Amino acid sequence: MISFLIVQIYINFVIGLWLLVNWQEMTKLLRIHPLLKWFQFIDCFLLNVMQIISAVRRFVTFVSYESESVFIGVFIVVFISFKDDCRHFNGHPTLLTFVKRQLMKKYLALALLLIIASCKKDEDTTPVETSSLSLNLSFKSGSTPLLFDTINYTNAAGNQYSVSRLQFYISNIQLIKPDSSLVDISDFSYVDARVAATLKIKNNIPVTGQFIGMKLQVGLDSAHNISNALPATNENINMAWPDMMGGGYHFMKLEGSYISGLSFPGYAMHIGRNQYLVNCVISHSFTLSEGSNSLGLVMDINEWYKNPANYDFEVDGNYSMGVMAAMMKLKENGSDVFMLQ
Ligand SMILES: [Cu+2]
């Protein structure tokens, strides 16, 4: 509606400008006294106002179609049907009628182009895509990007280790507003650090504004952490936590090997069971605007092994599954494994 009015006013402005520039020629053509131009101006101005009102009225009857072709069609109808009802000068056409005829002859193509351009522009400013947030996951150990299967990293306890598997669920992502209220943006996603397709978490909940951080969980809440509650995909089946150990799903499987004296034993940091759900809080200010937004979500694997308590494969054990103390340490260390960038 507003854009339609803008087009109308724009066209009238062009007509007015044309009148000003070509006034002398016009008066000759129309054989009228130059002083009458002010009457003509007021006359045309009033007519323009009437046309806008009439155009709006006509447009409203079509607006429900909301298609570009109808939009253009209505405009052309309105444009061509300008009323010739101000013939004050002994049968001479009014200036506006004259201009309209000139425009019809010379500038119709230009006018149509303007209309189409205006319509296109209008479409661009209409938000077609609702705002959404994509999280792009990446992994590192300390300052080193994750490279699988190489003993390349050292944790706070001094264990030199590699990573061969990193799979987990990320769930209940919430954005933190400056007043500390929370906006829920996602349910849960399965992530396999080796599978690129799982590293982009998209949500379709429109959200805009300023935020001071993010909360999320590594694992599944109690409503989902029930055997066979998730769709029976290979990924979910592989993440199953044995029924004889309580059922549900692994929240995370982080595996690799490490250097122990002269040997290279494996390690498996597996977390599951509701009480070991990992709550992460990330302090990071960001603004989400209309359209699509993306943020980098980086997991520092070394953070699983420190803060508040160092995890040492030699002391705390290289297999955590079902070992309450080990899983509790990982859960608590896990609260700061993520950062946003
Ligand atoms: Cu396990």
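First, a word on scope: everything that follows refers to the structure included in this document.

1. Digging into the overall build of the chain
Each helix and strand in the chain was counted, giving eight helices and 14 strands. Per-residue burial for the chain yields a buried fraction of 27% across its 341 residues. Across the chain, contacts joining residues at least 24 apart in sequence account for 70% of those joining residues at least 6 apart.

2. Some points on helix α8 (residues 324-333)
Listed in full, the buried residues belonging to α8 are A326, M327, K329, L330, K331 and N333. Those residues of α8 that are buried lie in contact with β11 (266-272), β12 (278-288) and α7 (313-316).

3. A short note on unusual backbone geometry
Trans is the common state for peptide bonds, and a negative phi is the common state for residues other than glycine. A cis amide bond, omega 10°, links N307 with the succeeding residue P308. The residue P308 is located in the loop between β13 (292-300) and α7 in this model. With a phi angle near 45°, N172 is a residue other than glycine that sits in the positive phi range. With respect to the helices and strands, the residue N172 is situated in strand β5 (residues 165-176). The exposure class assigned to N172 is partly exposed, which follows from the 19 C-beta atoms found within 10 Å. Positive phi values are uncommon outside glycine, yet S180 reaches one of about 75°. Inspection of the secondary structure puts S180 in the loop between β5 and β6 (182-184). According to the C-beta neighbour criterion, S180 is exposed, with 8 such atoms within 10 Å.

4. Describing the nonpolar core
Grouped together as the largest cluster of nonpolar side chains are 49 residues, with contacts concentrated most on I170, V218, F251 and W304. Tallying contributions element by element places β5 first for this core, with six residues. Those residues in contact with F251 that lie beyond four places of it in its chain are F168, Y169, V218, G219, L220, I271, G272, Y276, L277 and V278.

5. Points about the environment of M339
Secondary-structure assignment places M339 in strand β14 (residues 338-340). A C-alpha to C-alpha distance of 5.9 Å links M339 and L297, two positions 42 residues apart in sequence. Sequence-distant contacts of M339, that is, excluding residues within four places in its chain, are made with I282, V298 and D300.

6. Looking at the pairing of β13
In this structure, strand β1 (residues 132-141) lies alongside β13, joined through nine bridges in parallel fashion. Within β13, the residue paired with K140 across the bridge is D300. As judged from the three bridges shared by β13 and β14, these two strands associate in the antiparallel manner. Counterpart to V298 in the pairing with β14 is M339.

Parameters at a glance
Residues numbered from 1 in each chain as written. Predicted model: local features only at pLDDT ≥ 70, side-chain atom pairs only at ≥ 80, totals over all residues. Helix = DSSP H or I, 4+ residues; strand = E, 2+ residues; numbered from the N terminus. Buried ≥ 20, exposed ≤ 12 C-beta atoms within 10 Å, placed from the backbone. Contact = placed C-beta atoms within 7 Å. Core = buried A, V, L, I, M, F, W, Y, C linked by C-beta atoms within 7 Å. Pairing = 2+ DSSP bridges.

Function cannot be inferred from these measures alone, as they are strictly geometric.
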